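Inside the fold
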Amino acid sequence: MEIMEFCQKVKRNLMKDMEEGVKVSVKQVTKNNGVMLHSVTVSRRGTNISPNIYLDGLYAAYEQGETFHRVMGEVRRIYEESKVETSIDMGFFLDYEKMKEKVVYKVIGYERNKELLSKIPHILFLDMALVFYCHAPQKELGCATILIYNSHLKMWGISKEHLYWDARKNAQSILPAKILSMEEIMKAVFLSDLIQEDPEEEMEGNEERRKESSRMYVLGNERKLFGAAAMFYDGVLEEFSDKIKKSFFILPSSVHEVILLPDDGIRKAEDLWEMVCEINATQVEPEEVLTNAVYYFSIKCKKIKKLF
């Protein structure tokens, strides 16, 4: 069964549960990096919010032997948890003066997003692009974001430069940068779910991990949302280099965070590039990949440059 046929089957079964006036439709949604996802959308009377229920993962499970009955049980569970009973007032978005304090930016890769970038305001930097969105958390929606298009600039009567300076000012206060050592992150993980079967062996393994992780840091933001953009915040990389008294490599872990690796004179940029490519291919969701590149921040020049 092809995925679109699967989506239509889900739609038909979901419609059996719906009251009159509810519309269920199948959509294809283009995400970051041109990744195409498939969903069913449920539109209800009395609300202007229609949740997307993404089906790609459920389709994969179905193809691997999961029953359609269980698939539909999961679809219904997701729908019940995500449905909104009332409309959300989006009037603020029409007036830039009311909206400008919510404008922030994120960073995406350039090559895989050329088509999208032709439709949205952006600032190019090496092989990346800063793009803009409205960070508008709603009680009903959680952490809602609205991507800003060129058409929005025309509606507001502002320039890309105007948008950039507002986003630059807001980002550091709305989504403040956070740098943690890999050791700190690993400690938190181990403390939360570690079950020691052999304490001596575990201690020895942890010591080796500590030695390696003490050389690595993760830069993101406190909300863990599009935190890779924090490397463009004023003073963040400069202050980090001053703190460690070294230049460092920047490895794009995802659109949500980057790894900072102090330059100890041993590692080769080409080896790091191979590691980034492998991790992006095997451990990062395709729509969350930033770039397959290695960057370098010089303590002398105070600038980011691309090595590979």
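Before reading further, recall that the structure is shown in the block above.
Quick caveat: nothing in here was measured; it's all calculated off a predicted structure. (Residues numbered from 1 in each chain as written. Predicted model: local features only at pLDDT ≥ 70, side-chain atom pairs only at ≥ 80, totals over all residues. Heavy atoms only, no water.)

Notes on the side chain of Asn221
Tracing the backbone through its elements, the reader meets Asn221 in strand 9 (residues 217-221). Residue classification places Asn221 among the buried positions, given a relative accessible area of 6%. At a separation of 3.1 Å, a polar atom in the side chain of Asn221 contacts the main-chain amide nitrogen of Arg223. (Helix = DSSP H or I, 4+ residues; strand = E, 2+ residues; numbered from the N terminus. Buried < 20%, exposed > 50% of the residue type's maximum accessible area, 1.4 Å probe, protein only. Polar contact = N/O pair within 3.5 Å; in protein donor to acceptor, adjacent residues only side chain to side chain.)

Description of a nonpolar patch on the surface
A cluster of nonpolar residues, Trp273, Leu307 and Phe308, forms a patch on the protein surface that exposes about 240 Å² of accessible area. Relative to the helices and strands, Trp273 is located in helix 11 (residues 269-282). For Trp273, a relative accessible area of 31% corresponds to the partly exposed category. (Patch = residues over 30% accessible without salt bridge, like charges linked within 9 Å, V, L, I, M, F, W, Y side chains within 5 Å. Areas by Shrake-Rupley, 256 points an atom, 1.4 Å probe, with all protein chains shown as cover. Salt bridge = Lys/Arg side-chain N within 4 Å of Asp/Glu carboxyl O.)

Observations regarding the sheet that holds strand 9
Ordered in space as 8-9-11-10-12-13, the six strands form an open sheet in which the pairing is antiparallel. The open sheet terminates on both sides in strands that have one partner only, identified here as strand 8 (177-181) and strand 13 (304-306). Along the sheet, successive strands turn relative to each other by an average axial angle of 30 degrees, direction set aside. Where strand 10 (residues 248-254) meets strand 11 (residues 257-262), six bridges bridge the pair, whose relative direction is antiparallel. The residue of strand 11 that forms the bridge with Phe249 is Leu261. Across the face of the sheet, helix 10 (residues 236-244) comes into contact with strand 8, strand 9, strand 10, strand 11, strand 12 (295-297) and strand 13 while running at roughly 130 degrees to strand 10. Sitting on the sheet, helix 11 touches strand 10 and strand 11, and the angle it makes with strand 10 is about 10 degrees. (Pairing = 2+ DSSP bridges. Axes fitted to C-alpha atoms, helices over the stretch in contact; angles between N-to-C directions. Contact = heavy atoms within 4.5 Å.)

Description of the packing of helix 1 (residues 3-15) against helix 3 (residues 68-82)
Packing of helix 1 against helix 3 leaves a shortest axis separation of 11 Å and a crossing angle of 65 degrees. Taken together, helix 1 and helix 3 sit at an angle that is classed as roughly perpendicular. Like other packed secondary-structure pairs, helix 1 and helix 3 cross with a definite hand, here right-handed. Taking contact as the criterion, the partners of Phe6, Lys9, Val10, Asn13 and Leu14 in helix 1 are, on helix 3, Phe68, Val71, Met72, Val75 and Arg76. Each residue belonging to the contact of helix 1 with helix 3 can be placed in one class, and the counts come to seven nonpolar, one polar and two charged. (Parallel < 35°, antiparallel > 145°, perpendicular 65-115°, else oblique. Left-handed = near helix turned anticlockwise from the far one by under 90°. Nonpolar A, V, L, I, M, F, W, Y, C, P; charged D, E, K, R; others polar.)

Some points on helix 3
Under the 1.5 Å per step criterion, the end-to-end length of helix 3 is 21 Å for 15 residues, consistent within 8% with the ideal 21 Å. Every buried residue of helix 3 is accounted for by Phe68, Val71, Met72, Val75 and Tyr79. The buried side chains of helix 3 occupy one side of the element, clustering within an arc of 95 degrees when seen end-on. Turned more than 90 degrees off the buried face of helix 3, the exposed positions are His69, Arg70 and Glu81. Against helix 1, strand 2 (36-43), strand 3 (52-54) and helix 2 (56-63) lie the buried residues of helix 3. (Expected span 1.5 Å × (residues − 1). Arc of directions from axis to C-beta.)

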